[in-house]
Amino acid sequence: MYDPSQLRTFLAVAQTLSFTRAARRLGLRQSTVSQHVRRLEDAAGRQLFSRDTHSVELTEDGEAMLGFARRILAVHEQATAFFAGTRLRGRLRFGASEDFVLTRLPEILEGFRYDHPEVDLELTVELSGTLHEQLAAGKLDLVLAKRRPEDPRGELVWHDRLVWIGAERLRLDPDRPVPLIVYPPPGITRALAFEALERQGRAWRIACTSGSLNALVAAARAGLGVMAHSRGLIPPGLVRVPDRAGLPELGEVDFVLVHGQRRTPAQGAADALATAILGGGDRLLRGGGSSASVART
């Protein structure tokens, strides 16, 4: 009833919330992406997206289709691999940024291990900047990490906005430097936070620095300061800092998959894991206990 190619297109649009970005990810024309979504909506008899000239959002039926699409495509991939008689083997060195510590990435990795039991998966969790460096040095085969929007590297998993977050009870004194909770260099959100505050001419100080997301979240929950973070991955116990606090806009960020430039025996396994992550990317976005709430005054 449901065409796998249309389901893949639907997932790409659902994860990027953009027909243009989905087309770029899939290597299709935007008109083809629109056609796939329209045909899938016709097959389902339901509207899956509410869209206008400015935004694309999933409808309630679209949210339901996400789960069905993932399961249908997973079974499709399993059947294809079984009847093709191919079994992936070898060692796959995969790097994931600290942003995914509190998401459902482990579920995706568990599914990959189940489908490909003869692949030895080595996981490295680090800062995005560090992972890009290790990939360039040939120490990793595949990386899931942040990039700046102007950076051309990688295949887009989803596009998000950075926001300021902190404890709900936190109050910022406009006459004192902004207390920052940041990753160490070469953290991407660290650099963007500094740049935004300096453009505004706002004084700041570092209240806490750590390479561990759990440590940064603990410091933020304790009210030590604010941190720049993806809007779709706000950890439990933290909320967006209200606009009335006067903090500057942080801009946008992309989460991408990047393959190593060198051809290695792990290429097939890297391609398979990339497919699994792209198929379940919305689970990463929704699975971290994220909250869109804003702190009260």
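In this report, we go over the structure that sits alongside the text. Numbers given for residues are sequential positions, taken from 1 along each chain in its written order. Residues qualify for local features only when their pLDDT is at least 70, as the model is predicted, and side-chain atom pairs are given and counted only at 80 or more; totals for whole chains, interfaces and linings, by contrast, use all residues. Only hydrogens and water are set aside when side-chain values are computed; all heavy atoms of the structure are taken into account.

Any Lys or Arg side-chain nitrogen located within 4 Å of an Asp or Glu carboxyl oxygen qualifies as a salt bridge. Applying the stated rule across the entire model yields 11 salt bridges. For Asp 99, the salt bridge identified is with Lys 146, shortest N-O distance 2.7 Å. Residue Asp 99 is found in the loop between β3 (90-97) and α5 (105-115), and its partner Lys 146 is found in strand β5 (residues 142-147); the two are separated by 47 residues along the sequence. Each member of the pair, Asp 99 together with Lys 146, is buried. Taken together, the salt bridges that share partners define one network made up of Arg 161, Glu 249 and Glu 252. In this text, helices come from DSSP runs of H or I with a minimum length of four residues, and strands from runs of E with a minimum of two, each type numbered from the N-terminal end. Exposure categories follow from relative accessible area, calculated using a 1.4 Å probe and restricted to protein chains: below 20% of the type maximum is buried, above 50% is exposed, and the middle band is partly exposed.

It is worth spelling out unusual backbone geometry at this point. Cis geometry is adopted by the peptide bond preceding Pro 186, which originates at Pro 185 and carries an omega value of 5 degrees. Mapped onto the fold, Pro 186 is located in the loop between β7 (178-182) and α7 (188-200). Of note in the backbone geometry, Leu 17 takes a positive phi value of approximately 50 degrees without being a glycine. Structurally, Leu 17 can be placed in the loop between α1 (4-16) and α2 (19-26).

Turning next to the packing of aromatic side chains. By convention, a stacked pair of Phe, Tyr or Trp rings (six-membered ring in the case of Trp) has centres within 6.5 Å and planes under 30 degrees apart, an edge-to-face pair has planes over 60 apart, and any other such pair is tilted. What the rule picks out here adds up to six aromatic pairs. Here the aromatic rings of Phe 100 and Trp 158 are separated by 6.0 Å at their centres, their planes lie at 90 degrees, and the arrangement is edge-to-face. Within this pair, whereas Phe 100 is found in the loop between β3 and α5, its partner Trp 158 is found in strand β6 (residues 155-166), the two being separated by 58 residues in sequence. Judged by its relative accessible area of 3%, Phe 100 is buried. Pairwise contacts between aromatic rings join Phe 10, Phe 19 and Phe 49 into one cluster.

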